[in-house]
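Below are the chains, spelled out letter by letter.
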Amino acid sequence: MITALDHVQLAAPPGSEDRLRAFYVDALGLTELPKPPVLAARGGCWFGSGPVQLHLGIEADFRPARKAHPGLRVTAIDAFATRLTDHGVPVTWDDNLPGHRRFYADDPVGNRLEFLEPDADESAEPA
């Protein structure tokens, strides 16, 4: 029986760790998580906030995920979007999910990320 989502892994090109850290820690406000030594030798980075974890694994023939993406719940979505734009990250708002406000942004290697917040008067779960 599945009980929870442990993490989402995205791919990244070799040598991109510093750019990933700048984005995921500085722009998004996540904390870098230590990787076990055997996995750290492969490169990449792990990030988290509370129970949410994103792992970025190095892939030699990397291609960014342009359609597939993690959907990340946020609070104060307008302030969060401003935080990203203040870090030079373009955001694209999308009003096609009833009961939610959401936008998309790309990480520094081109992976798509969705950020969403349920409307205050909605108790619906995201699709």
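In what follows, the structure referred to is the one given above.
Scope of this entry: the structure provided in the associated data block. These numbers were taken from a predicted model, which means no experiment stands behind them.

Procedures and definitions
Residues numbered from 1 in each chain as written. Predicted model: local features only at pLDDT ≥ 70, side-chain atom pairs only at ≥ 80, totals over all residues. Heavy atoms only, no water. 1 Å grid on protein atoms, 1.4 Å probe; cavity = no way out; pocket = protein on both sides within 12 Å on 5 of 7 lines; lining within 4 Å. Points joined across faces, edges and corners; volume = space filled by probe spheres on them. Helix = DSSP H or I, 4+ residues; strand = E, 2+ residues; numbered from the N terminus. Pairing = 2+ DSSP bridges. Axes fitted to C-alpha atoms, helices over the stretch in contact; angles between N-to-C directions. Core = buried A, V, L, I, M, F, W, Y, C linked by side-chain atoms within 4.5 Å. Buried < 20%, exposed > 50% of the residue type's maximum accessible area, 1.4 Å probe, protein only. Contact = heavy atoms within 4.5 Å. Salt bridge = Lys/Arg side-chain N within 4 Å of Asp/Glu carboxyl O.

**Concerning the layout of surface pockets**
For the largest pocket, the calculated volume is near 460 Å³. For the largest pocket, the lining is made up of 19 residues, of which Val52, Gln53, Gly71, Leu72 and Arg73 are closest to its centre. For the lining of the largest pocket, the secondary-structure elements that each account for two or more residues are β4 (52–58) and β5 (71–73).

**Points about the sheet that holds β4**
Across the sheet, four strands lie side by side as β1-β4-β3-β2; this open sheet has mixed pairing. Strand pairing shows two members of the sheet lacking a second neighbour, β1 (8–12) and β2 (31–33), which therefore form its edges. Strand-to-strand, the axes of this sheet are offset by a mean angle of 30°, without reference to chain direction. Where β2 lies against strand β3 (residues 45–49), three bridges are found, and the strand directions are antiparallel. The residue of β3 that forms the bridge with Thr31 is Gly48.

**Describing the nonpolar core**
It is characteristic of soluble globular proteins that their nonpolar side chains tend to be buried jointly. Counting residues in hydrophobic clusters, the biggest one holds 26 residues, and the most contacted among them are Tyr24, Leu28, Leu84 and Phe115. Only β1, α1 (17–27), β3, β4, α3 (77–86), β7 (100–106) and β8 (112–118) provide two or more residues apiece to this core. The contacts of Leu28, once residues within four sequence positions are left out, are Phe23, Phe80, Arg83, Leu84, Leu113 and Phe115.

**Observations regarding the pattern of salt bridges**
Throughout the structure, instances matching the rule amount to six salt bridges. The shortest N-O distance in the salt bridge between Arg66 and Asp106 comes to 3.6 Å. Of this pair, Arg66 sits in the loop between β4 and β5 while Asp106 sits in strand β7; the two residues are 40 residues apart in sequence, bridging distant segments of the chain. Put simply, Asp18, Arg21 and Glu32 are held in one network by salt bridges that share partners.

**With respect to the pairing of β3**
Summarising burial for β3: four of the five residues are buried, a large majority. Bridge analysis of β3 against β4 gives five bridges, and the strand direction is antiparallel. The partner of Gly48 across the bridge, within β4, is Gln53. The hairpin formed by β3 and β4 contains two residues between the paired strands, and Gly50 there has a positive phi angle of roughly 60°.

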